[in-house]
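Structural description and commentary
Now for the letters of each chain:
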Amino acid sequence: MDNQSDVTASSEGLVSVSHPIAAKVGKDILDQGGTAIDAVIAIQCILNVVEPYMSGLGGGGYLLYYDHTTQQVTTFDARETAPSHVDTEFYLDNDGNHLSFFDLSTHGSAIGIPGIPKLFDYLMDNYATLELANLINPAIQLAQEGHRANWATQKYSWHQIERIKKYPETYATYTNAENDYFHEGDWVRLPALSKTFEYVRDNGFDAFYHGDIAHQIVQATNQAGGQMTLEDLHNYDIQIKAPVTANYRGYDIYTMGPSSSGGITVLQILKMMEQFNLKNMGSRSTQYLHTLIQAMHLAYSDRAQYSTDNTFHHVPISELLNEDYLKNRSNHIQSQYANFNINHGVFSEQQSNTNIDEQHTETTHYSVTDRYGNVASFTTSIGMIYGSGITVPGYGLLLNTTMNDFDVVKGGINEIEPGKRSISSMTPTIIMKDAKPFMEVGSPGAISIIACVVQTIINVLDFDMSIQQAINEPRIYSSNPSRIEWEPQFSQSIILELINKGHAMERKPEAYIGDVHGLRFNYNNDKNNGATDSQWKINSEQDNDSKSSAENINTIQPHVFVSGGADDTREGTVMGGNVYIKRNQAPQLETYEIPEFNVYVNNVALPLRKFQAFREDDIYWLDLTIADHAFAVDVESGNFNNDSTTDDKDNTTCISREKLANYIQSFTNQEYIQLIPLAKQLNYSINIIDDDLYLSKNAEQRIDEDAAAYYRYDKDSITR
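What you are looking at is a predicted structure, and each value in this text was computed from that prediction instead of being measured.

1. Side note on the overall build of the chain
From N to C terminus, the chain includes 24 helices and 33 strands. Looking at the 720 residues of the chain, the share that counts as buried comes to 63%. Within the chain, counting contacts between residues at least 6 apart in sequence, those at least 24 apart form 74% of the total. For the chain, the exposed surface amounts to about 26,200 Å²; the carbon and sulfur share of it is 44%.

Okay, structure coming up:
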C-alpha cells in the first residue's frame, strides 16, 4: 500500500517527483516562500545526488514555465549540443565497422555540451527569489553526509555495473564499500560530487563553463576519445522560445517545440483522436486502443520525417498542426482493421534518415507549482543510465550520452553537425482552461514519452479521471506497426482482440511504460479533486496568514487547490502543504509458463498461458474462450442456423456450434477447440514450422520482424 497523508490537495504549492528526498527539498523551498523556479533548481541539484544515474548538471533538458504575472507559457531549451570539432564518424572503429552500443555510449564522443547549468544561470538571474546557497546547500549536505540507497537505485545500478566499472573515477565514486553496485540500504556518500555544488554555489552556475570544472570536463571527455573544447563550453547557450500549442476539446495544450519532437507529436495524436468519441469507447476498450495505436503510427511517421533542431533545418510546425491536415490524417484510422499503409505527410523535399528509437536513454520528469500560481514542468536527462559512464575527476559528476541521439546516416536532417541539438522526445506539458493552469504532466521514457503524455491527458480530459487515476491506468506504446508494447494491467482478452485487428502486440507485457508525474488544478472548491473538508479550512487559513520574501514579486493566490500524481516506476512522491504521498514499489511482473508451441496469427505470437493451448496426438487444442477473443468468433451460443455470419456491431464472426461440434471437447471442465479446423473455417492459411503453428491471411498486413527486432530491447535497462 502506498504511504500517504489523508490530505491530497494543497494551496501552498506542490511537488511531484521520483524520489522522496527530492520532494522534501522542493517542499522546503516552497515553504520558505520560494517560487516554482527556486524549487526546480533545488530539486535538480538534490536529484543529482540521490539519482545521479538519471539526470544532473552534466546533462540537458527542457523546461516549460507558466508565469502567473504575465500569464504566459515559455519554453527553455537546454538540450546538449554537439562540439564544434565533432567527429561525425565517431560511431565507427578504425576498420570502419560500427562500434557496439556499449562502446559507443561509453566513448568521449558520446558527450554533448551540458545545458542544465546554463539554464539555471539564466533562471537565477531572471526568476529565482531565494539565494543560490538556499537552493544548493541541501545537495551539498546530502552528498557529504550520505543517504540510504532505495530499491530503484539498486535496480538501475545493478543493470549498469559494467558501465560503472569501465572508468576508474566512476568505479571509485559509484560503488559501495564492497566495490559493487549500490544495493538497497547501502549508505551512499558522494563527497566528490559535493565539490561540484560547492564550486557552483561559490562561483555561480556560469562558472561551470569557464572555471576549473570546465577544464576537467574537457580533459575527461577528450581522454575518453571525445573532441570537446573550452570554447564549446564558453559558447553554449540555452534557447528561449514560445511553446507549440493546440486546442483539444476546449483545453489549450502548451508543450515543447523543436529541438524536441515530443510536443508536435503529442498534439498531432490528440487532434486526430479528437475526431472520435473516446468517452463512449471507454479507457480500456479494444476500440479505443485500436484507434490510439493507429493515431500514434500516423504521428510518429511525421516525427521521423520532419523533427529536428529547427535552427539547422526547417520544421513545418504550422503545417503539421494544421486542423484540416490532421482531420484528413485521422481518416486513415480504420475502424475494424489496422491500417498498415501509413506514410508521413508531404510538406517539403527534405531528406530524413531518422531511424532512432532512443532505446537506451535515461530521464526524469518532475512537476512543481507554488502558492503564487507559477507552474514548472521540467524533463531532464543524462542519456543512458549513468550517462556515458565518464565521471569528471575530482568533481564526481557524470557526463551525458546525448550524441547517441543523432542519426549516424549522413545527409538527413538529424545528421551530426557542430553546435546542433540532437532529436529528443521529452515533452513537458501544461494545459490551460479559461486562461488558467488546469493540468501539468510529463514523463521519462525515450520515444515512449510521447505515448505516456498523450494517454495521461486523454485519461483526464476524456475519461474524467483524477491525475493520480490517470497515471495509474495502464499504457501502450508504439512508434512502428511492427511492434506494440503494453502494460500488464491490460486483460489478455483485450490484447488478443487487438492482435485480431492486425496489431503486432508483444507476446509479453512490459513491467511499465513511462514514469509519469503531474499536477491538477482546481479553482472552484471541487472537493472531488481530493481535499477533505478540514483541509479546505486549513489551507484557506494558512493562505490568509502566509508571508514570504517573495510577496513583493508574487501575490499569494488563495483557494487554488492542487492535487498531484506520481508513478510507481521509482519511488514517486507528491508533497506540499499537508500533502504527502509516496508510491511503493510496484508488484513484480507476473511470470507464467507458456505452451510447448507458439501460435502465430499474421506473424504475431499470441500471448498464451501454458494450459490455454496444448497438443495431443498432433492435434492443436485452444481454450474456446481464448479462441473467441483471438479470432473474433462466437462458437459458444449455437444460436445461428447458418454456417457463418458476421455481426456488424463488433465485427464478430458467428459460427454455428453444430458446424464445429466435432472439434470441441472438454478437458478438466474447460472447453477447447481444435485450432486447425477453426482456422480453416475462418480462411486462414496454415503452416507448421518446428511444431509452431502459423496462421495467415489479410495480405495487406506487413509485420516486419527485422523492424520488430530493432524496436525490441531489454526494457529493464531503462526507466520509461
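2. A few points about the environment of Gly211
With respect to the element layout, Gly211 can be found in the loop between helix H9 (191-203) and helix H10 (212-223). For Gly211, a relative accessible area of 15% puts it in the buried group. Considering only alpha carbons, one finds Gly211 and Tyr199, 12 residues apart in sequence, at a separation of 9.2 Å.

3. With respect to the side chain of Thr402
Tracing the sequence through the fold places Thr402 in the loop between strand E14 (397-398) and strand E15 (429-433). Residues within four places of Thr402 in sequence aside, it is in contact with Arg79, Glu80, Ala110 and Ser422.

4. Examining the nonpolar core
By size, the foremost hydrophobic cluster in this structure holds 93 residues, and its most contacted members are Ile269, Ile457, Ile458, Leu461, Phe631 and Leu675. Setting aside residues up to four positions removed in sequence, Ile457 forms contacts with Val266, Leu270, Thr429, Ile431, Met439, Val441 and Asp462. Counting 87 residues, the second-largest nonpolar core is a separate cluster that includes Val49, Phe76, Ala143 and Tyr395.

5. What about the sheet that holds strand E32 (residues 685-689)?
The mixed open sheet is built from four strands, whose spatial order is E24-E23-E33-E32. At either end of the open sheet lies a strand with only one pairing partner, and these are strand E24 (604-605) and E32. Sheet analysis places strand E23 (residues 599-601) next to E24, joined by two bridges and oriented antiparallel. Note on E24: the bridge partner recorded for Val601 is Val604.

6. A few points about unusual backbone geometry
Across the junction of Pro258 and Ser259, the peptide omega takes the value 25 degrees, indicating a cis bond. Within the secondary structure, Ser259 is located in the loop between strand E10 (251-255) and helix H12 (262-273). Of note, Asp434 is a non-glycine position whose phi angle comes to about 55 degrees, a positive value. In this structure, Asp434 sits in the loop between E15 and strand E16 (436-442). The phi dihedral of Asn683 is positive, around 70 degrees, even though this residue is not glycine.

7. A few points about the pattern of salt bridges
Under the counting rule described, the total for this entry stands at 26 salt bridges. Residue Asp567 pairs with Arg475 through a salt bridge whose shortest N-O separation is 2.7 Å. One end of the pair, Asp567, is in the loop between strand E20 (561-566) and strand E21 (573-576); the other, Arg475, is in the loop between helix H18 (467-472) and strand E17 (476-480), and 92 residues separate them in sequence. Assigned by exposure class, Asp567 and Arg475 land together as buried. One salt-bridge network, in which partners are shared between bridges, spans Glu51, Asp515 and Arg570.

8. Looking at helix H16 (residues 323-330)
Among all positions of H16, only Tyr325, Leu326, Arg329 and Ser330 are buried. For H16, the buried positions fall inside an angular range of 135 degrees around the axis, keeping them on one side. Residues of H16 that are buried sit in contact with H12, helix H14 (286-306) and helix H15 (317-320). The backbone nitrogen of Asp324 has a side-chain oxygen 2.9 Å away, supplied by the residue at the start of H16, namely Asn322.

9. Considerations on the sheet that holds strand E26 (residues 619-623)
Reading across the sheet, the four strands line up as E25-E26-E31-E30 and stay open at both edges, with antiparallel pairing between neighbours. Every other strand in the sheet has two partners, leaving strand E25 (613-616) and strand E30 (664-667) as the edge strands with one partner each. Taking each pair of neighbouring strands and ignoring which way they run, the sheet shows an average axis angle of 35 degrees. Bridging between E30 and strand E31 (residues 670-674) involves four bridges; their strand directions are antiparallel. Paired with Phe667 across the bridge in E31 is Gln670. In the packing of helix H21 (residues 624-631) onto the sheet, the strands contacted are E26, E30 and E31, and the crossing angle to E26 comes to about 85 degrees.

10. Thoughts on the packing of H12 against helix H17 (residues 449-461)
Between two packed helices, what matters for the description is the angle formed by their axes and the separation of those axes. Closest axis-to-axis distance for the H12/H17 pair is 9 Å, and the angle between their directions is 40 degrees. The angle between H12 and H17 falls in the class oblique. As for how H12 packs across H17, the hand of that crossing is right-handed. In this structure, H12 contributes Gly262, Thr265, Val266, Ile269, Leu270 and Met273 to the contact, and H17 contributes Ile450, Val453, Val454, Ile457 and Ile458. Here the residues of the contact of H12 with H17 are counted per class, giving nine nonpolar, two polar and no charged.

The rules behind each value
Residues numbered from 1 in each chain as written. Predicted model: local features only at pLDDT ≥ 70, side-chain atom pairs only at ≥ 80, totals over all residues. Heavy atoms only, no water. Helix = DSSP H or I, 4+ residues; strand = E, 2+ residues; numbered from the N terminus. Buried < 20%, exposed > 50% of the residue type's maximum accessible area, 1.4 Å probe, protein only. Contact = heavy atoms within 4.5 Å. Areas by Shrake-Rupley, 256 points an atom, 1.4 Å probe, with all protein chains shown as cover. Core = buried A, V, L, I, M, F, W, Y, C linked by side-chain atoms within 4.5 Å. Pairing = 2+ DSSP bridges. Salt bridge = Lys/Arg side-chain N within 4 Å of Asp/Glu carboxyl O. Arc of directions from axis to C-beta. Polar contact = N/O pair within 3.5 Å; in protein donor to acceptor, adjacent residues only side chain to side chain. Axes fitted to C-alpha atoms, helices over the stretch in contact; angles between N-to-C directions. Parallel < 35°, antiparallel > 145°, perpendicular 65-115°, else oblique. Left-handed = near helix turned anticlockwise from the far one by under 90°. Nonpolar A, V, L, I, M, F, W, Y, C, P; charged D, E, K, R; others polar.

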